[in-house]
Amino acid sequence: MTSSALVEVEKLRFSRGDREIFRGVDLSIPRGKITAIMGPSGTGKTTLLKLIGGQLVPDAGRVLIAGHDVHRLSRKALFRMRRRMGMLFQSGALFSDLNVYENVAFPLRVHTNLPESMVRDVVLMKLEAVGLRGARELMPSELSGGMTRRVALARAVALDPELILYDEPFVGQDPISMGVLVQLIKRLNEALGLTAVVVSHDIKETLSIADYVYVIADGEVMAHGTPASLDVEQDPRVYQFVHGEPDGPVPFHYPANDFHEDILGQGVRS
Amino acid sequence: MMAYITRLGRLGCDLLEAMGRAGLFLVQSMFGRPSAEGFRLWLVQMHMVGVMSLAIILVSGLFIGMVLALQGYTILVDFGAEQALGQMVSLSLLRELAPVVAALLFAGRAGSALTAEIGLMKATEQLTSMEMIGVDPLRRIVAPRLWAGFVSLPLLTIGFSVIGIWGGYLVGVQWLGVFDGSYWGNMQASVEFIDDIGNGLVKSLVFALVVTWIAVFQGYDLVPTSEGISRATTRTVVYSSLAVLGLDFVLTAVMFGGLS
């Protein structure tokens, strides 16, 4: 592990009920870079973000952010650390009783003592960046799914955090706003030197902006490397995932008994 | 048989764990540094929880007082004791009916709303995102609601008693013709400030804490699905009603049963 890593995940194990989600995951997320965590649906990518954010507690292993063990911090220290992080939720998770403007202003109002005029400037700048300055008066219930995500992004970066965790930022975006989002994530990283973690299974978009990629499957890191090196990776599981092929070692079907048997089963046999 | 005992043990452990979580939850959210922003949030909740419950509480109080007077009169008049109507109405209300009925109505009106609101915030990840912004939802969402419930139910109970006594006056004096001097005079002579009004208020404070605690905890602790919200809302009303009635017996035994 290099010392320039902002987030280090060491031998992380986590299970939900009887299902083991992570069986010893090691990750290192370098400062100022975009790191992508990819993998098929249901491999616990969102769970991993929640473990990094300290919302879930692992069974074993630890998560270090800037050298601090997230799960050993006191409640107060944990909340203080979270001010330096932003997280974009898959559902957006906007506060439904506040309008778009107030949602973006929320982190500024609770964590700073900025005068109202400055709050306004910051909020409008963030909203302009996601193209929704004109939607500031709308309530979250009036927004489409894609717009919700963009407002949530504006809110996540309102305090200019050091670390941003993106949970599936590209899902449900139309091609135009997808392109804008990809650019935005890239630009935030380049201009402000933010460290970003992008959890996604949109291969093309993610590989185009990521500096380093981890592929997670079956509770382990299956492969990691730069986008270029993953593209030529020979491991058949990685190849199948990166190239999106239906047939291969990673099954598309949830485990089930034989299809023929299931459909024709009892009726025909009798 | 073994399986049965195992289940019983598991149930006990689960119950104990839930109570521990609920206790920790109460302490973490109720006691914190007060702030101007917290006061503003509390005021908003006082409106949502307290003021919005005013109508149902006052209307119910009026009817309960009127029914009490009507029922009391028909019994008392047989003994020629209808002059004691004011005493009977006021003591029943202050000691028992106002704290208990107001708490039951409050659980149904405000408690279920609190559970559903917090539960939906949890289901839509609003609580999680608030945590990630670095704001503790226990302090920002839960604490103002807890304090609002704790303060508003006793006030609502006072309103319930006052309007109930007035309802008794309407029926007893205005309609049934009890002499109003004896209605008020007997009341004044028999109601003790500490023993009756004070004890009634203590009951109501206890109920306020228990009902609001159950309501916000059920919302905060629920399984974030639509079914989970429906179950939690039901549990809020059922648990708070049972807790209020059970605690009322205990408190009555201590306050008026000669145990102390």
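Quick note: structure is the one above.
Heads up: these notes are all about the structure in this document. (Residues numbered from 1 in each chain as written. Chains lettered and ligands numbered in written order. Predicted model: local features only at pLDDT ≥ 70, side-chain atom pairs only at ≥ 80, totals over all residues. Heavy atoms only, no water.)

### Looking at helix H6 (residues 175-192) of chain A
Within an α-helix, residues lying three or four positions from one another point in the same direction, as the helix has 3.6 residues per turn. Residue and element names in this part refer to chain A. The test is simple: In DSSP terms, a helix is any run of H or I states spanning at least four residues, a strand is any run of E spanning at least two, and both are numbered starting from the N terminus. Under the convention used throughout, the expected extent of a helix is 1.5 Å for every residue step, that is, one less than its residue count. Buried residues are those whose accessible area, probed at 1.4 Å on protein chains only, stays under 20% of the maximum for their type, while exposed residues exceed 50% and partly exposed ones sit between those limits. Note that the arc is defined by the directions from the helix axis to the C-beta atoms.
Helix length check: H6 (18 residues) gives 25 Å between terminal C-alpha atoms against 26 Å at 1.5 Å per residue, within 8%. Burial in H6 covers these residues: Ser177, Met178, Leu181, Val182, Leu184, Ile185, Leu188 and Asn189. In a view along the axis of H6, the buried residues occupy a sector of 160°, so they form one face of it. Away from its buried face by more than 90 degrees, H6 exposes Pro175, Ile176, Glu190 and Ala191.

### Focus on the packing of helix H8 (residues 193-221) of chain B against helix H9 (residues 226-256) of chain B
Residue and element names in this part refer to chain B. Stated precisely, the cut-off is as follows: Note on geometry: axes are C-alpha line fits, over the in-contact stretch for helices, and angles between N-to-C directions span 0 to 180 degrees. Roughly parallel refers to an angle under 35 degrees, roughly antiparallel to one over 145, roughly perpendicular to one between 65 and 115, and oblique to any angle outside these ranges. Two helices that cross are described as forming a left-handed crossing if the nearer one is turned anticlockwise from the farther one by less than a right angle, and a right-handed crossing if clockwise. Amino acids outside the nonpolar list (Ala, Val, Leu, Ile, Met, Phe, Trp, Tyr, Cys, Pro) and the charged list (Asp, Glu, Lys, Arg) are all regarded as polar, and Gly is one of them.
Here H8 crosses H9 at 155°, and the two axes come no closer than 9 Å. Taken together, the axes of H8 and H9 lie roughly antiparallel to each other. In terms of crossing hand, the pair formed by H8 and H9 is right-handed. Of the residues in the contact of H8 with H9, the class split is 15 nonpolar, 5 polar and 5 charged.

### As for helix H1 (residues 45-52) of chain A
Along H1 of chain A, 7 of the 8 residues are buried, which leaves the element largely enclosed by surrounding structure. Turning to H1 of chain A, its buried residues number three or more, namely Lys45, Thr47, Leu48, Leu49, Lys50, Leu51 and Ile52 of chain A.

### What to know about the packing of helix H4 (residues 85-123) of chain B against H9 of chain B
When two helices pack together, their arrangement is captured by the angle between the axes and the distance separating the axes. Residues and elements named next belong to chain B. Their axes nearest at 9 Å, the elements H4 and H9 cross at an angle of 150°. As judged from the angle between their axes, H4 and H9 are roughly antiparallel. Where H4 crosses over H9, the handedness of that crossing is right-handed. Taken together, the residues that form the contact of H4 with H9 break down as 13 nonpolar, 10 polar and 3 charged.

### Re the interface of chain A and chain B
Think of interface size as the accessible area that goes away when the parts come together; that is how it is often given. Note the cut-off: We call two residues in contact whenever any of their non-hydrogen atoms come within 4.5 Å of each other. Values labelled buried area give the accessible surface lost by two parts on being combined, using a 1.4 Å probe and summing over both. For this analysis, a salt bridge means a side-chain nitrogen from Lys or Arg found within 4 Å of a carboxyl oxygen belonging to Asp or Glu. We call two N or O atoms a polar contact when they sit within 3.5 Å, provided that within protein one can donate a hydrogen and the other can accept it, with sequence-adjacent residues counted only if both atoms are side-chain atoms.
Across the boundary between the two partners, chain A contributes 21 residues, which contact 16 residues of chain B. When chain A packs against chain B, the two sides together hide about 1700 Å² of surface, and 60% of this comes from carbon and sulfur. The three residues of chain A that bury the most area against chain B are Arg75, Phe79 and Phe106 of chain A, which together make up 31% of that side's buried surface. Counting across the chain A and chain B interface gives 3 salt bridges. Here Glu131 of chain B makes a salt bridge to Arg82 of chain A, at a shortest N to O gap of 4.0 Å. Where chain A touches chain B, the interface holds 8 residue pairs in polar contact (both at pLDDT 80 or more). Mapped onto the side of chain A that touches chain B, the elements with two or more residues apiece are helix H2 (75-82), strand E6 (85-88) and helix H3 (100-111) of chain A. Among the elements that take part in the side of chain A that touches chain B, H3 of chain A stands out by supplying 4 residues, more than any other. Residues that form the side of chain A that touches chain B fall into these classes: 11 nonpolar, 5 polar and 5 charged.

### So, the pattern of salt bridges
Residue and element names in this part refer to chain A. One pass over the full model with this rule turns up 23 salt bridges over all chains. The residue Glu205 makes a salt bridge to Lys204 at a minimum N-O spacing of 3.8 Å. One salt-bridge network, held together by shared partners, links Glu102, Arg109 and Glu116.

### Here's the deal with the sheet that holds strand E7 (residues 163-167) of chain A
Pairing between sheet strands relies on hydrogen bonds along the backbone, with the strands arranged either parallel or antiparallel. All names here are of chain A. The condition that has to hold: Think of it this way: DSSP has to see at least two bridges between two strands before they count as a pair.
Pairing is mixed in the open sheet, where 6 strands are placed in the order E6-E7-E8-E3-E9-E10. Each edge of the open sheet carries a strand with a single partner, namely E6 and strand E10 (220-225). When the angles between neighbouring strand axes are averaged without regard to direction, this sheet yields 15°. Taken together, the 5 bridges between E7 and strand E8 (residues 195-200) define a ladder with parallel strand orientation. Bridged to Leu163 within E8 is Thr195. Lying over the sheet, H1 contacts strand E3 (34-38), E6, E7, E8 and strand E9 (212-217), oriented at roughly 155° with respect to E7. Along the sheet, H6 contacts E3, E7 and E8; its crossing angle with E3, the most-contacted strand, is approximately 140°.

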